[in-house]
Amino acid sequence: MAATVEELYRNYGILADAKDNLSQHKDAYQVILDGVKGGPKEKRLAAQFIPKFFSSFPELADAAINAQLDLCEDEDVSIRRQAIKELPRFAAGENLPRVADILTQLLQTDDSAEFNQVNTALISIFKIDAKGTLGGLFSQILHGEDIVRERAIKFLSTKLKTMPEDVMTKEVEDHIFTETKKVLEDVTGEEFVLLMRILSGLKNLQTVSGRQQLVELVVEQAFLEQALNPADADAVDRLLQCTRQALPLFSKNVHSTRFVTYFSDHVLPNLSTLTSPVAELDIQLEVLKLLAEMSPFCGDMEKLENNLKMLFEKLLEFMPLPPEEGEHGENAANEEPKLQFSYVECLLFSFHQLGKKMPDFLIDKIDADKLKDFKIRLQYFARGLQVYIRQLRVALQGKTGEALKTDENKIKVVALKITNNINVLIKDLFHNPPSYKSTVTLSWKPVQREAAAVGEKRPPGDDVGTGTTVKKLAPALPRRDARQIYNPPSGKYSGTIGNFPYEQRGGFRGGRGRGFGGRGNRSRGRIY
């Protein structure tokens, strides 16, 4: 039978006056519990009165929590908010994981104020007992509805970093790591990114051994033990997502060797046939950028010579030979070859980084005719490069501040970075023997203070190479023809001036049901 407003107030008075004899008034507390069966006024009172005396009646704990939960599911949003606001008062001892589980389920609400109330309540009990709260959160992540799972993961990815250090103890962080590994057995691409963000933010994993553990997790997700099917957009997407998550973890002590090896063995040979997971994404350039960023952190490779040969062959593909001349020195071809600077910057940088590990590669591992062909391509590319560098400098001369922020000038600034980088790398390769000592910052990466000072200075002389090899090749392509043989690359920079245009898209095509997973134990019925 539902209690009236008057009965609720009367029994509240009995309990309030009882003081040390509260436990003797079980019937009065039961009347307050019955208030959830009344109208809106009774329910609002019950939402406030039930938690106030909850701790004094342990034998009615289940009934009290269930009564409050009924109010959390009421049709009246104001009653739900009041009930949710009071839920943390039930979070004591063995009841806390249950309250955390309930609050996690309530994250599915579409009411913004109610959603914020749930978040506040979860944060409140997290500070009381982090492990207990994590138990409720991970229980729903592993076994709850998709919408609850999604929001629970997002809660962890955004709120954990705001928790004080005395809450985020080593024991708590170890628990998060253990539970997250369970979740990673079956995830979508978007979930994977969020979970890696959670783990990467843990203080415990900021050490070299911690970052190595994270790399191992990514390797497991990336399926590096399997050959890549270039026609499978989901498989390509998986590799891109995993590589992006691994990139920030690499260092001189945490190596990228397995990823670089996989790219050399399975990705570069299929570069032209890769299926892009997103229509507007230049998948070839995206892959080459990732490879370039990983290459400085590559350790010892079992098949270094083979990997260098693959990079060398790809460089030949993107570095054209000079067009044949007609009888009177004119261009015999109707069109000039396109000079694809963005691709060449990535390939040259990767080749330059790995070449340091085998500095005699171009001398001892490439036959003389092929090396001569390579240097002719380099020379031709370098001539077009010089023309474009001069054009860019003229276009940007005197421009500062707001003038450099226009889309057109942003593209030109990045183009100048790209061409300067290629210029430096080609010079190194023209040394006899080839040198691998120069340092450049990839055009899409933030420039370090030292690098910026160098980048702003005009290189000493426009002509590429100071060795005798360059000077001997020069007559084959007279300087007066340089402008005629070069066409600035149309569309090669637009849309790619920032860092990975696709990086923030997150998720795999089709959402849950595609992409990551495939490891069995699909308790939640996912296809993958």
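- As recorded by an unreviewed UniProt entry, the protein carries the name Apoptosis inhibitor 5 and is attributed to Alosa alosa.

### Points about the overall build of the protein
Consideration 1: A tally of regular secondary structure across the protein gives 23 helices and zero strands.
Consideration 2: Counting across all 528 residues of the protein, residues that qualify as buried make up 51%.
Consideration 3: A total of about 25,200 Å² of accessible surface is found on the protein, and carbon and sulfur atoms cover 49% of it.

### A look at the side chain of Lys 314
Consideration 1: Along the chain, Lys 314 falls in helix H16 (residues 304–318).
Consideration 2: Since its relative accessible area comes to 6%, Lys 314 is described here as buried.
Consideration 3: Setting aside residues up to four positions removed in sequence, Lys 314 forms contacts with Leu 268, Leu 271 and Leu 347.

### As for the pattern of salt bridges
Consideration 1: Under the defined criterion, the tally for this structure stands at 25 salt bridges.
Consideration 2: Between Arg 44 and Asp 76 there is a salt bridge whose closest N-O contact spans 3.2 Å. Taken as a pair, Arg 44 in helix H3 (residues 40–52) and Asp 76 in the loop between helix H4 (61–72) and helix H5 (77–86) lie far apart in primary sequence, 32 residues in all.
Consideration 3: Judged by its relative accessible area of 24%, Asp 76 falls in the partly exposed class.

### Let's talk about helix H11 (residues 189–200)
Consideration 1: Over its 12 residues, H11 runs 16 Å from end to end, which matches the ideal 16 Å to within 8%, given 1.5 Å per residue.
Consideration 2: Where burial is concerned, most of H11 is hidden: nine out of the 12 residues are buried.
Consideration 3: When H11 is considered as a whole, its buried residues turn out to be Gly 189, Glu 191, Phe 192, Val 193, Leu 194, Leu 195, Met 196, Ile 198 and Leu 199.
Consideration 4: Packing partners of the buried residues in H11 comprise helix H9 (146–159), helix H10 (170–183), helix H12 (208–222) and helix H13 (233–246).

### Digging into the packing of aromatic side chains
Consideration 1: Throughout the structure, instances matching the rule amount to 13 aromatic pairs.
Consideration 2: When the ring of Tyr 12 is compared with that of Phe 49, the centres are 4.3 Å apart and the planes differ by 25 degrees; the resulting orientation is stacked. Highlighted residues: Tyr 12 in helix H1 (residues 5–18) and Phe 49 in helix H3, separated in sequence by 37 residues.
Consideration 3: Considering the side-chain rings of Tyr 29 and Phe 57, the 4.7 Å spacing of their centres and the 10 degrees angle between planes classify their relative orientation as stacked. Of this pair, Tyr 29 sits in helix H2 (residues 26–33) while Phe 57 sits in the loop between H3 and H4, and the two are 28 residues apart along the sequence.
Consideration 4: Owing to a relative accessible area of 0%, Tyr 29 belongs among the buried residues under this scheme.
Consideration 5: For Phe 57, a relative accessible area of 0% gives the class buried.
Consideration 6: Within the aromatic cluster, the residues linked to one another by ring pairs are Tyr 9, Tyr 12, Phe 49 and Phe 53.
Consideration 7: Positioned over the ring face of Phe 223 is Arg 238, at 4.1 Å from the centre of the ring.

Calculation notes
Residues numbered from 1 in each chain as written. Predicted model: local features only at pLDDT ≥ 70, side-chain atom pairs only at ≥ 80, totals over all residues. Heavy atoms only, no water. Helix = DSSP H or I, 4+ residues; strand = E, 2+ residues; numbered from the N terminus. Buried < 20%, exposed > 50% of the residue type's maximum accessible area, 1.4 Å probe, protein only. Areas by Shrake-Rupley, 256 points an atom, 1.4 Å probe, with all protein chains shown as cover. Contact = heavy atoms within 4.5 Å. Salt bridge = Lys/Arg side-chain N within 4 Å of Asp/Glu carboxyl O. Expected span 1.5 Å × (residues − 1). Phe/Tyr/Trp six-rings, centres within 6.5 Å; stacked < 30°, edge-to-face > 60°. Lys NZ or Arg CZ within 6 Å of the ring centre and 35° of its normal.

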